[in-house]
Amino acid sequence: MSEPRLTVALSNDFFKAFARLPEKARGKVATFISKFRANPRGTGLNYEHIEGGKDPFIRSLRVDQDIRCIVRAPDEGNTYVILWIDKHDDAYQWARRRTCHVNRVSGALQVVDVEAAEIAVGDAIAAAVSEALANKASTPQSGAAPTPAPQVAGSQALPSSAASLFAHCSDDQLMLLSVPEALLPAVRAVTSEEALSRLISWVPQDCVDGLILLADGKAIEAVIEELERQRPAAIDPTDVAAALDTPESKAEFLVITDDDELEAMLSAPLERWRVFLHPSQRRLVERTWSGPVRVLGGAGTGKTVVAMHRARWLAQQLIKSGAPGRVLFTTFTRNLATDIRANLTKICSPEQLQRIEVIPLDGWVMNFLKSQGLQVRVFNDEARDSCWSMAMDVADTSLGLAERFYKEEWKEVVLAQGCRSRDDYLVARRVGRGTRLSREQRSRIWPVFDAVRAEFRQRGLWEPEEAKQIAADLLNQPERAPLYAAVVVDEAQDLDLASFSLLRALVGEARANDLFIVGDPHQRIYGKPVVLSRCGIDIRGRSKKLRINYRTTEETRAWATAVLHGVDFDDLDGGSDSASDYRSLLHGDAPLVQGFEDPADEQRFLVTTLRQLRDEQQSLASTCVTARTNRAVEKLNGLLKAEGFATRVINADESDDPSDPALRLATMHRVKGLEFDQVFLPELDASQMPLQVELNKRPDQLSKDLFEQQERSLLHVAATRAKKRVVVSFSGKPSPFLRPA
């Protein structure tokens, strides 16, 4: 009879603790883990029970005289979970507070800080009492008796006027959403958004999605359905190996099957996004979808991580099945494609990488058209102006329309809506264009557009929208097979109608796993809203959303979201996308917003603050100073170099080099897709945000409003690059987008 299979898993918390150990200690731990995996019951491991511990299965093992490893070790069975590593006293303190058990409803393995849960219940009840007293004091008294709050398990201690946000949910429903049983009283005690914000910073991540949606007003049944939580038919609370196989457990535990993989993870700092995916992320990645998928998510929710893991998964499916074809990973800007290409090398094998092509969409189109024998040249202002000058020779002067009008109509109507003929233009929508045109006037205007298009072609010039249209035409020919097995799209909110029509053509007719589209309309800094269904992309039943911010603090997220106040955002398919169901797990200082009368005072503030930060952290490698324009970045770079700072300007065509200790500088557009501990946003006066020189070029109110919305989104993007701290400064009149921290 064969021995039962040995299973050893390492927790996400273990890797966090391991990274904080001195380098010499990490080497000893790596040797210990290897020895432990070979024989977890071997002599010399020195298992010790935790005196006063909450969980009898949590034990301590000696690594050396100073270091202890905390393990869940069964009395019977062959599944071991390494939970924590630390100095002796700290390790015992960590272990004493915690339990590690299988959730009896969801079936997931969970680690719970029981003492913190008890404290949270008391804090939540105290907050509810304080809130109830404040409400009572501000409410006129009447003879009517107060209506008692619904009584639910765990909430009896709440004041009668304070109802739990989760009073309408049963214990089993909350546990199906991965709330551990020990935390039910703490969850029941939450009566306000503020209390919820505190709670979700330390509860298991796999239950945060559900709590956010419930607090946002969704019915429990709808939340369970949306998050695809299904209660297993049978759960054995002693079967830890089975529990480790659930998506919820995979978000926190890694089962080690390969010695080389373990050695690589322990020999270098682990970027946890490479290994641990939230259950909502994993369900998106590791799944065969029946057609196109659209994934929305705010800044810091891991959209790009999901997209990269999806590309890897798709490539692996092609390899496993022996099917031909490749996966195209595309996005709008060159710099994002550069960063994504570099990060894919961290999670993909060489064989998987060979199946993935990463390129910005405009670059792909240029290469493709050249491969088809078409003359394609890049526009420059001189060539464009020459073409328009020639085309205006055929303009009907009796209409009294200036050349500027024709250029704007070409861009905002003809190109934006893919008008190829006079008939297309006659029925095109012109909402917000200002100048009203009859059908007869449009007919008399069209010859100019025909003429400018002919001039472009004669010189081998293509507008990006037209280049995508002709590429899609070539791909849609009946005899052509699809060029790609699948396409993954990041930052989809910045793509236009022609782009999505081309993406549809790249994979042919709708089929399983064809398109995976990721974006956030709140971060749209280029282009206009697009309705996917009008581009032949049907996402009905395959629309998902990521709601947990893993990067920025809740204080930064709230400030950056307030920048967008009053602006409505679409969902890429004709609906709306709210930011109310979006939270951060982290807390920290609110952004610092500092105003000055004199620009010299602002510069001194920037230099002094950066010097203090350098003295505290010994490096500014994870600090970025960002500005609205390239010229502003050059000016700041000169100032900071003159003050003795080593600087690195991150340009459009290069990825950042984390090993460089220099202070980073970049435009607000360039920092998209990057992250830093600190982000400085100097010179945010009224001329820079919105950028007045560009705003004044907009011909009508609609285009001005669109530009201002893009500028708000740009500030939102820049602020949410910060993991710990945002510092905003200005001299003179501040940007109208700035809100007090």
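Residues numbered from 1 in each chain as written. Predicted model: local features only at pLDDT ≥ 70, side-chain atom pairs only at ≥ 80, totals over all residues. Heavy atoms only, no water.

**Structural notes on the overall build of the chain**
Looking only at helices and strands, the chain features 28 helices and 22 strands. Relative to the globule expectation of 27 Å for 741 residues, the C-alpha radius of gyration of the chain, 29 Å, shows essentially globular dimensions. Expressed along its principal axes, the backbone C-alpha trace of the chain runs to roughly 95 × 75 × 60 Å. Across the 741 residues that make up the chain, the buried fraction comes to 53%. Nonlocal contacts in the chain, meaning residues at least 24 apart in sequence, comprise 74% of its contacts between residues at least 6 apart. By element, 49% of the accessible surface of the chain is carried by carbon and sulfur atoms, the whole surface being about 32,900 Å². Within the chain, the 104 negative side-chain charges are centred at a point lying 2 Å from the centre of the 95 positive side-chain charges. (Helix = DSSP H or I, 4+ residues; strand = E, 2+ residues; numbered from the N terminus. Rg over C-alpha atoms; globule rule 2.2 N^0.38 Å. Buried < 20%, exposed > 50% of the residue type's maximum accessible area, 1.4 Å probe, protein only. Contact = heavy atoms within 4.5 Å. Areas by Shrake-Rupley, 256 points an atom, 1.4 Å probe, with all protein chains shown as cover. Lys, Arg positive; Asp, Glu negative; His and termini not counted. Charge placed at Lys NZ, Arg CZ, Asp CG, Glu CD.)

**Side note on the environment of Cys535**
Mapped onto the fold, Cys535 is located in the loop between strand E13 (515–519) and strand E14 (543–546). A relative accessible area of 6% means that Cys535 is categorised as buried. For the pair Cys535 and Leu503, spaced 32 residues apart in sequence, the C-alpha to C-alpha distance is 9.1 Å. Excluding residues within four positions of it along the chain, Cys535 makes contact with Leu497, Phe500, Ser501, Arg504 and Val530.

**Focus: helix H12 (residues 259–267)**
Among the residues of H12, Leu262, Met265 and Leu266 are the ones counted as buried. One side of H12 carries all its buried residues, which in axial view fall inside an arc of 90°. Among the exposed residues of H12, those pointing more than 90 degrees away from its buried face are Asp260, Glu263 and Ser267. Looking at the buried positions of H12, the neighbouring elements they touch are strand E1 (7–11), helix H1 (12–19), helix H2 (23–38) and strand E8 (253–255). (Arc of directions from axis to C-beta.)

**Description of the pairing of strand E6 (residues 98–102)**
Of all 5 residues that make up E6, 4 are buried, and the element is covered over most of its length. Of the strand pairs in this sheet, E6 and strand E7 (residues 109–113) are connected by 5 bridges, and their pairing is antiparallel. By the bridge assignment for E7, Arg98 is matched with Asp113. The hairpin formed by E6 and E7 contains 6 residues between the paired strands, and Gly107 there has a positive phi angle of roughly 85°. (Pairing = 2+ DSSP bridges.)

**Some details on the sheet that holds E8**
Spatial ordering of the open sheet is given by E2-E3-E4-E5-E1-E8, a layout of 6 strands whose pairing is mixed. This sheet does not close on itself; its edge strands, each paired only once, are strand E2 (48–49) and E8. Note that E2 and strand E3 (residues 58–62) share 2 bridges and pair antiparallel. When the sheet's bridge partners are listed, His49 is paired in E3 with Arg59. Strand contacts of H1: E1 and strand E5 (79–87), with the helix running at about 30° to E5, the strand carrying the most contacts. (Axes fitted to C-alpha atoms, helices over the stretch in contact; angles between N-to-C directions.)

**Comments concerning the packing of aromatic side chains**
A complete count under the given rule lists 18 aromatic pairs for this structure. When the ring of Phe332 is compared with that of Tyr526, the centres are 4.7 Å apart and the planes differ by 40°; the resulting orientation is tilted. Residue Phe332 is located in the loop between strand E10 (327–330) and helix H15 (334–347), and its partner Tyr526 is located in the loop between E13 and E14; the two are separated by 194 residues in the primary sequence. Ring centres of Tyr425 and Phe449 lie 5.6 Å apart, and the angle between their planes is 85°; this geometry places the pair in the edge-to-face category. (Phe/Tyr/Trp six-rings, centres within 6.5 Å; stacked < 30°, edge-to-face > 60°.)

**Some thoughts on the sheet that holds strand E9 (residues 293–297)**
Within a sheet, each strand pairs with its neighbour through backbone hydrogen bonds, oriented either parallel or antiparallel. With parallel pairing, 6 strands are arranged side by side in an open sheet as E11-E10-E12-E13-E9-E14. Both outer strands of the open sheet, strand E11 (356–358) and E14, are each paired with one neighbouring strand and no more. With strand direction ignored, the average angle separating the axes of adjacent strands in the sheet is 15°. Here strand E12 (residues 486–489) pairs with E13 via 3 bridges, running parallel. Considered in E13, the bridge of Val488 is made with Phe516. Each of E10 and E11 touches H15; the most contacted strand, E11, lies at about 150° to it. Against the sheet, helix H23 (residues 497–507) touches E10, E12 and E13, its axis set at about 150° to E12.

**Brief notes about helix H24 (residues 554–562)**
For H24, the full list of buried residues reads Glu554, Thr556, Arg557, Trp559, Ala560 and Thr561. Of the surrounding secondary structure, the elements contacted by the buried residues of H24 are helix H7 (193–199), strand E15 (548–553), strand E16 (583–586), strand E17 (592–596), helix H28 (701–719) and strand E22 (722–731).

**Some points on the nonpolar core**
Nonpolar side chains tend to gather and get buried jointly when the protein is soluble and globular. Residues Phe14, Val29, Phe36, Ile82, Ile85 and Leu109 are the most contacted members of the largest nonpolar core, which totals 47 residues. Among the elements that take part in this core, E5 stands out by supplying 6 residues, more than any other. Setting aside anything within four residues of it in sequence, one finds Ile82 in contact with Val8, Ala9, Leu10, Ser11, Phe14, Ile33, Phe36, Cys69, Ile70 and Val71. (Core = buried A, V, L, I, M, F, W, Y, C linked by side-chain atoms within 4.5 Å.)

**A look at the environment of Trp273**
As for its placement among the helices and strands, Trp273 is situated in the loop between H12 and helix H13 (279–285). Spatially, the C-alpha atoms of Trp273 and Thr43 are 36 Å apart, while their sequence positions differ by 230 residues. If sequence neighbours within four positions are ignored, Trp273 has contacts with Val305, Met308, His309, Asn343, Lys346 and Ile347.

**A closer look at the confidence of the model for the chain**
Counting all residues, the mean pLDDT for the chain is 87, and 93% of those residues have values of 70 or more. Scored below 50 in pLDDT, residues 142–156 makes 14 contacts in the model with residues more than four places away or belonging to other chains. (pLDDT = per-residue confidence, 0-100.)

**Description of the pairing of strand E21 (residues 676–681)**
Consecutive side chains along a regular strand alternate between the two faces of the sheet. Among the 6 residues in E21, 6 count as buried, and that is most of the element. In the sheet, strand E18 (residues 623–627) pairs with E21 via 3 bridges, with the strands oriented parallel. Bridge pairing links Thr623 to Gln678 in E21. When E21 meets E22, the two strands line up parallel, connected through 5 bridges. The residue bridging Gln678 from the neighbouring strand is Arg725, located in E22.

**With respect to the packing of helix H14 (residues 303–321) against H15**
Contact geometry for H14 and H15: axes closest at 10 Å, N-to-C directions at 60°. It follows that H14 is oblique to H15 by the angle criterion. Crossing angle aside, the handedness with which H14 passes H15 is right-handed. Here H14 contributes Thr304, Met308, His309 and Arg312 to the contact with H15, which in turn contributes Ile340, Asn343, Leu344 and Ile347. For the contact of H14 with H15, a count of residues per class yields 4 nonpolar, 3 polar and 1 charged. (Parallel < 35°, antiparallel > 145°, perpendicular 65-115°, else oblique. Left-handed = near helix turned anticlockwise from the far one by under 90°. Nonpolar A, V, L, I, M, F, W, Y, C, P; charged D, E, K, R; others polar.)

**Overview of the environment of Met689**
Counting through the fold element by element, Met689 comes out in the loop between E21 and helix H27 (692–695). Ignoring sequence-local partners within four residues, the contact set of Met689 consists of Arg628, Met668, Leu684, Glu711, Leu714, Leu715, Ser735, Pro736 and Phe737.

**Here we look at the pattern of salt bridges**
In total, this model carries 57 salt bridges according to the counting rule given. Between Glu228 and Lys544 there is a salt bridge whose closest N-O contact spans 3.0 Å. Placement of the pair is Glu228 in the loop between helix H9 (220–226) and helix H10 (240–243) and Lys544 in strand E14, with a sequence separation of 316 residues. For Lys544, a relative accessible area of 19% corresponds to the buried category. (Salt bridge = Lys/Arg side-chain N within 4 Å of Asp/Glu carboxyl O.)

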